[in-house]
Amino acid sequence: MLFHSTLNPQQRISIAAAISNGLAEDGGLYVPEHLPTIDYHDFLNISSYAEFAAKLLSHFFQDDPLSQSLPEFCQRAFNFPIPLRPVNEQTWLMELFHGPTLSFKDFGARFLAECLNQLSTNKKTTIMVATSGDTGSAVAAAFHQKANINAIVLYPFGKISARQEQQMICWQDNIRALAVEGSFDDCQRLVKSAFQDPWWQQHTHLSTANSINIGRLLPQIVYYAYSSLQFFKQHHTQPGYVVPSGNLGNVTAAFFAKTMGFPIREVSLALNANRVVLDYLETGHYQPQTSIVTLANAMDVGKPSNFERLQHLFPTFTDFCAQTRAFSATDQQIITAIKEAEQQHHIILCPHTATAYHARQYLSNDQPWILVATADPCKFDTIIEPIINRPVPVSPALQKLLDRPSQRMIIQPSLAEINKFCLSSG
Ligand SMILES: *Cc1c(COP(=O)(O)O)cnc(C)c1O
């Protein structure tokens, strides 16, 4: 199986190269040359999630040396549960937040860390990411103590919550988390300039672990495939999914799973006030916007990068519209959803998951829907507690991170500062 850029189907490369490059040289995103189709009966009797993952992913890693390590990678990366929790007769929550940093980003980051560590056996790799939230903590945790990798995580000083910051600065060893005196955009600019800088090019093998990397997307297919089959076995009907979406990586993985042949009836998008995809579905015009700040901040994206992959999958507007629907929630509707889920079902939702709960009221009541729960509500205590008027229990995984010693390093937004810092710390 080979991969190519969304901008150029002619130039094809291996999965290993696609993962180490991250972004294609022409600025496009890597996609598989074709999506493998499977017979889901072949998967019906595999109950171990890690085994299921290795079998599914082997289709994408065919003919690549990495394929031999898939069983091991999956055992290590996917060592936490994925509960499907009933809400009412036709609604379930798929909880993707039981990994070490309490969001679904752990699936992609942990699998990518296994691949990149193996690919860097002969040459140490430096990973640099700019982050304003869940990505930074997932990447820091996933790469922590990976022998062949150094990771540099840049986040905007003073612009993230205390709990979010603690989850990034508590790692030490091969992880450097730097608080940049500036905005998230400044952090992103620094990463870009490092990739173009002669010193960095000479002294390191630089890569990135942001959600553009196909090595983060592929492992996300697995939880849709696995849960749809479990559901199908139990209920003899195919579920639909509602996916809280920002950069559209998670929902792209859901469409991949459906297109491959797993028993998924349909996939809908839940958005916050950043509604470019909904506007596209309504008007046929795709018009990226400046992002709007909302309560569901991991979905505050005005120019979703994976839109390119979705368009590659559904090339015409007619295809796209036939495949999906989208629903957008205002902050007020997010608040109402959090309140209602707590009062009616005693379930605490994170603000992102609340957008899916909000969308549920517009969807058929005589068919089953699985709402994707993207993060643990205890990551967002300062938003949720005033809404439900009671404390959000701190999960053991978060407590573990809060108990770790940490140290904050503040730097000016310049590459020279990062250079100095990295030189001085070896
Ligand atoms: C990243 C994130 C999202 C958005 O996922 P995309 O793949 O970018 O669409 C939603 N919820 C949470 C909690 C996230 O961290």
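Located above this text is the structure these notes cover.
To keep things clear, this report deals only with the structure shown in the data block. Here the structure is a predicted model, which is why all the values come from computation and not from measurement. Each residue is numbered by its place in its chain's sequence as written, counting from 1. Side-chain atom pairs in this predicted model are given and counted only at pLDDT of 80 or more, local residue features only at pLDDT of at least 70, and totals for whole chains, interfaces and linings cover all residues. The side-chain values count all of the structure's non-hydrogen atoms but skip hydrogen atoms and water molecules.

## Here's the deal with the site of the ligand
Here is step 1: Taken together, 15 residues sit near the ligand, with Lys105, Asp134, Gly246, Asn247 and Leu248 positioned nearest.
Here is step 2: N or O atoms closer than or at 3.5 Å make up a polar contact, with two conditions inside protein: a donor-capable atom paired with an acceptor-capable one, and, for residues adjacent in sequence, both atoms drawn from side chains. Asn247 places a polar main-chain atom, nitrogen or oxygen, 2.8 Å from an oxygen atom of the ligand.
Here is step 3: Between the ligand and Asn250, the relevant distance is 2.9 Å, taken from an oxygen atom to a main-chain nitrogen or oxygen of the residue.
Here is step 4: Only the protein chains shown count as covering a residue, and every accessible area follows the Shrake-Rupley method with a 1.4 Å probe. Taken by itself the ligand offers 390 Å² of open surface, and the protein chains cover 95% of this.
Here is step 5: Side-chain classes are defined by residue name, with Ala, Val, Leu, Ile, Met, Phe, Trp, Tyr, Cys and Pro counting as nonpolar, Asp, Glu, Lys and Arg as charged, and the others, Gly among them, as polar. Class assignment for the residues of the shell around the ligand results in six nonpolar, seven polar and two charged. Note on definitions. A residue lies near a molecule or strand when any single heavy atom of the residue is within 4 Å of it.

## A few points about the pairing of strand β6 (residues 125-130)
Here is step 1: The buried fraction of β6 amounts to six of the six residues, a majority that puts the element mostly inside the structure.
Here is step 2: Here β6 shows a buried face lined by Thr125, Ile127 and Val129 and a second buried face lined by Thr126, Met128 and Ala130.
Here is step 3: By definition, two strands form a pair when at least two bridges between them are found by DSSP. What counts as a helix is a DSSP run of H or I of at least four residues, what counts as a strand is a run of E of at least two, and both are numbered from the N terminus. Judged from the three bridges that link them, β6 and strand β9 (residues 205-207) form a sheet pairing that is parallel. Bridge assignment links Thr125 to a residue of β9, and that residue is His205. Working definition: with a 1.4 Å probe on protein chains only, accessible area under 20% of the residue-type maximum means buried, over 50% means exposed, and in between means partly exposed.

## Overview of the pairing of strand β8 (residues 175-180)
Here is step 1: The element β8 is extensively covered by neighbouring structure, given that five of its six residues are classed as buried.
Here is step 2: Inspection of the sheet shows β8 paired to strand β14 (residues 410-411) by two bridges, in the parallel sense. Bridged to Val180 within β14 is Ile411.

## Some details on the nonpolar core
Here is step 1: Buried Ala, Val, Leu, Ile, Met, Phe, Trp, Tyr and Cys residues form a nonpolar core when they are joined through side-chain atoms within 4.5 Å. One finds Phe52, Leu56, Phe60, Phe61, Phe143, Tyr224 and Phe262 to be the most contacted residues of the largest nonpolar core, which totals 102 residues.
Here is step 2: Ranked by residues supplied to this core, first place goes to helix α9 (residues 214-235) with 11 residues.
Here is step 3: Throughout, a residue-residue contact means that at least one pair of heavy atoms, one from each residue, lies within 4.5 Å. Excluding residues within four positions of it along the chain, Phe61 makes contact with Ile15, Ile19, Leu66, Ser67, Leu70, Phe111, Cys115 and Leu218.
Here is step 4: Formed by 34 residues, the second largest nonpolar core is a distinct cluster that contains Val242, Ile334, Ile384 and Ile387.

## Comments concerning the sheet that holds strand β1 (residues 3-5)
Here is step 1: Read across the open sheet, the three strands follow the order β2-β1-β3; overall the sheet is antiparallel. This sheet does not close on itself; its edge strands, each paired only once, are β2 (8-13) and β3 (30-32). The sheet shows a mean angle of 40 degrees between the axes of neighbouring strands, direction not considered.
Here is step 2: The pairing of β1 with β2 spans three bridges and is antiparallel. Directly across from Phe3, in β2, lies its bridge partner Ile13. Here an angle of 0 to 180 degrees is reported between the N-to-C directions of two axes, which are lines fitted to C-alpha atoms, with helices fitted over the stretch in contact.

## Let's talk about the packing of helix α4 (residues 105-119) against α9
Here is step 1: Remark: α4 packs on α9, axes separated minimally by 8 Å, with the N-to-C direction vectors making an angle of 125 degrees. Looking at the two axes, α4 sits oblique to α9. As α4 packs across α9, the resulting crossing turns out to be right-handed. Facing Lys105, Phe107, Gly108, Ala109, Phe111 and Leu112 of α4, the residues of α9 in contact are Gly215, Arg216, Pro219 and Tyr223.
Here is step 2: Across the contact of α4 with α9, the residue classes break down as six nonpolar, two polar and two charged. Orientation is classified from the angle alone, with under 35 degrees giving roughly parallel, over 145 giving roughly antiparallel, 65 to 115 giving roughly perpendicular, and any other angle giving oblique. If you view the pair so one helix is near and one far, a crossing is left-handed when the near helix is turned anticlockwise from the far one by less than a right angle, and right-handed when it is turned clockwise.

## A short note on unusual backbone geometry
Here is step 1: With a phi close to 65 degrees, Gln145 is a non-glycine residue in the positive phi region.
Here is step 2: Following the sequence through the fold, Gln145 ends up in the loop between α5 (134-143) and β7 (149-156).
Here is step 3: Taking the relative accessible area as the measure of exposure, Gln145 reaches 58% and is therefore exposed.
Here is step 4: Positive phi values are uncommon outside glycine, yet His236 reaches one of about 55 degrees.
Here is step 5: In this structure, His236 sits in the loop between α9 and β10 (240-244).
Here is step 6: Looking at His236, the relative accessible area reads 65%, which means it is exposed.

## Here we look at the state of the cysteines
When the sulfur atoms of two cysteines share a covalent bond, that bond is a disulfide.
Here is step 1: A pair of cysteine sulfur atoms is labelled a disulfide when the two atoms are within 2.5 Å. Summed over the entire model, instances satisfying the criterion amount to zero disulfides.
Here is step 2: Cysteine Cys378 remains unbridged, with the sulfur of Cys350 as its closest cysteine sulfur at 10 Å.

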